[in-house]
Amino acid sequence: MDFEILGAIRDIETIAAGRALRQFRRLRRRYGPGYWRKRKGTATVRLVDGTVRQAEVHWYEVHGIGRREFKIKFPLLD
């Protein structure tokens, strides 16, 4: 991850869940079984160069394992 999430993630939505995920088999093999969800939300992030910005963050999540593989999809312009 080339950024750090500062504070809480807001406006969380589920994008896809279960077998509808393109990466379902890979996630299950790597992290274990469960009802995987791809989620998105808005968070304040610190980028590698030290700037702090609002961004849309995507990740995968499953009960009992937690959140995995965070990505910034859209840095929001201030």
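Bear in mind that the values here come from a model prediction, so they are computed numbers and not experimental data.

**Considerations on the overall build of the chain**
- Helices and strands together make up the secondary structure of the chain, namely one helix and four strands.
- Reported as C-alpha extents along the three principal axes, the dimensions of the chain are approximately 35 × 20 × 20 Å.
- Counting the 78 residues in the chain, one finds 29% classified as buried.
- Surface exposure of the chain reaches about 5400 Å², of which carbon and sulfur atoms provide 48%.
- Side chains of the chain give 18 positive and 9 negative charges; the mean places of these two sets differ by 11 Å.

**Digging into the pattern of salt bridges**
- Applying the stated rule across the entire model yields four salt bridges.
- For E69, the salt bridge identified is with R26, shortest N-O distance 2.9 Å. Separated by 43 residues along the polypeptide, E69 in strand β4 (residues 66-76) and R26 in helix α1 (residues 24-31) bring together distant segments of the chain.
- On the basis of relative accessible area, E69 is assigned to the partly exposed category, the value being 23%.
- Taking relative accessible area as the criterion, R26 reaches 29% and is therefore assigned partly exposed.
- The residue E61 makes a salt bridge to R39 at a minimum N-O spacing of 3.0 Å.

Conventions used here
Residues numbered from 1 in each chain as written. Predicted model: local features only at pLDDT ≥ 70, side-chain atom pairs only at ≥ 80, totals over all residues. Heavy atoms only, no water. Helix = DSSP H or I, 4+ residues; strand = E, 2+ residues; numbered from the N terminus. Buried < 20%, exposed > 50% of the residue type's maximum accessible area, 1.4 Å probe, protein only. Areas by Shrake-Rupley, 256 points an atom, 1.4 Å probe, with all protein chains shown as cover. Lys, Arg positive; Asp, Glu negative; His and termini not counted. Charge placed at Lys NZ, Arg CZ, Asp CG, Glu CD. Salt bridge = Lys/Arg side-chain N within 4 Å of Asp/Glu carboxyl O.

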